[in-house]
Structures are given as structure tokens and as C-alpha cells.
Amino acid sequence: MTILIHFHQSHYRDFKADYRDYVLERLRGEFPGLVSYTRFVEFIPSVLIPLCVYLRQKCFGTCSGISFMDSTSLAVCKHPRIHAHKVFAELAKRGKTSTGWFFGFKLHLIFNDRGELLNLMLTPGNVDDRKPVPKMVRNLFGKLFADKGYLSKKLLEELLRTFNVQLITGIRSNMKNRLIPLMDKLLLPKRAMTETIIDQLKNISQIEHSRHRSPINFLVNLLCGLIAYCHQPKKPSLHLGTLPALLA
């Protein structure tokens, strides 16, 4: 588990190169029982459940009453290869985001104002962003900020009635304007923090690539990338301690 998570914290873009060139050469003192790369790959599926437990028990942050929600696509292959793709043929689905169509999954994420992960859910690419929300907010309280893709009167009322969570989103151009408290108006644009976090997850922690050979290895790669992000000493943060003074 440590070696797999370390890969997502390194500058290597290929685990095979990381294991052969760095782990086997420089980390033998820390891991005296190292095996060959081929043998190590055979061990990878065995850590799926322990990684899930570790992420849930040791890596999640605590809700501060101000949370941010977003989703991102995880494409599993390039467009020309969709019809020939077999690894995720029965699992992945075609979906659409603001950047276009993709074939794969959606990763739904909730963070607090300090950039700490609060909850997540993985769904096929064709699932509506709003569908997983009730299951993801069960341990939250306060206000949940999201983009216009989460606009839904029914969802807003359900979260407020069942979980005492207030969903706050922007409005579309064809909707009537509405008054919102000053604090909410200031915090709503700050949901862009989630885009920064997702960019780090994809480009630093490498949670997305199209070279997976099995669904289990895909999940292990995703979990290790999320854990690597959670262990970052410095995360995107809003530093909300200064807001009360600004509003005074």
C-alpha cells in the first residue's frame, strides 16, 4: 500500500518505471522483502479493501458547516477505442460534461473549506450529478455549495428536510433573480476551489489514465491517488478565518 501511494506522490508517470528505477534501486532498505515488478503487480488486487478502510478511517476531514461539492469525469479509453474496449465494457458508460463527451465513470466529491475530503462516490458516466447527493451528505451539516448542475427544487427541499443541509447553487440565465445572504454570495464563487483540487487529483495524483487492465486495478489506482492527495501537507484552502473581520 505504501509503495502504491508513494507512486502517486512521485514525479513518475508510469508505475513500472517508478518501481524498477526508484523503489527497487533506492528503497530496499525500507522494504527488504521486495519482489520483482511482475510479482508485485499480482499482489495489487489484494490491497483494495484495506485501501478503502484506510481512506475512510484515516484520510477524511471533518465537516465545518461549509462544504463544496463537484464531480469530474474519469475516462477509461480514448474515443476511437470505445467500441473495441473490453475491460469496462459492462461497467463504464458514455457521459457528458461541460468539456464534452467521454466514456467511463463520474467521481463525485465533497470537500470542506480547508480542502479536506469529506465524502466521495463513483458512478457510471451517464448518472445525473444530483442522484448520489442524498447518500453523500448524511454526515454533513450547514451549507453545501455547488454549481448550476445541481439545481433542483426537489433536491434542495429533501436535503433541508431530511439532513438539515442547505444546498446553495447559482442560477441559470433564464431564471428569475433571487436574494441570498451576503455570506452565501461571497462563498458561492469560492466553489472554484473544487476545480483546483480536481486538477491536482488528475495531474499530480494521476487518478485518471487509459491503461487499466482490470476494474480492480482501476479502483486501486483511484484510491491511492485520493489518499496521496489527502496526505498533501498543503491543500487548497479558503482561509475563512478572515471572513468575519471582512464582514464586520
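Residues numbered from 1 in each chain as written. Predicted model: local features only at pLDDT ≥ 70, side-chain atom pairs only at ≥ 80, totals over all residues. Heavy atoms only, no water.

**What about the layout of surface pockets?**
Reasoning step 1: By volume, the largest pocket is sized at about 670 Å³.
Reasoning step 2: Together, 29 residues line the largest pocket, and T72, S73, T97, S98 and T99 are the ones closest to its centre.
Reasoning step 3: Elements represented by at least two residues in the lining of the largest pocket include exactly β1 (66-75), β2 (93-97), β3 (100-112) and α8 (193-203).
Reasoning step 4: Per-class residue counts for the lining of the largest pocket are seven nonpolar, 11 polar and 11 charged.
Reasoning step 5: In terms of lining residues, the second largest pocket is bounded by 20 residues, among which F15, Y37, H209, H212 and N221 are the most central.
Reasoning step 6: The set of elements that each furnish at least two residues to the lining of the second largest pocket consists of α1 (2-9), α2 (15-26), α3 (37-43) and α9 (215-230).
Reasoning step 7: Among the elements that line the lining of the second largest pocket, the one with the most residues is α9, at four residues.
Reasoning step 8: Considering only residue class, the lining of the second largest pocket consists of eight nonpolar, six polar and six charged. (1 Å grid on protein atoms, 1.4 Å probe; cavity = no way out; pocket = protein on both sides within 12 Å on 5 of 7 lines; lining within 4 Å. Points joined across faces, edges and corners; volume = space filled by probe spheres on them. Helix = DSSP H or I, 4+ residues; strand = E, 2+ residues; numbered from the N terminus. Nonpolar A, V, L, I, M, F, W, Y, C, P; charged D, E, K, R; others polar.)

**Describing the environment of Q9**
Reasoning step 1: Following the sequence through the fold, Q9 ends up in helix α1.
Reasoning step 2: We classify Q9 as partly exposed; its relative accessible area is 46%.
Reasoning step 3: Taking the C-alpha atoms as reference, Q9 lies 8.1 Å from Y229; in sequence the two are 220 residues apart.
Reasoning step 4: Each residue touching Q9, except ones within four places of it in the same chain, is listed here: A228 and H231. (Buried < 20%, exposed > 50% of the residue type's maximum accessible area, 1.4 Å probe, protein only. Contact = heavy atoms within 4.5 Å.)

**Focus: the confidence of the model for the protein chain**
As a note on interpretation, predicted positions should not be read in detail where pLDDT is low.
Reasoning step 1: In the predicted model, the protein chain carries a mean pLDDT of 91, and 95% of its residues have values of at least 70.
Reasoning step 2: Low pLDDT, under 50, characterises residues 242-248; the predicted model gives this stretch five contacts beyond four residues in sequence or across chains. (pLDDT = per-residue confidence, 0-100.)

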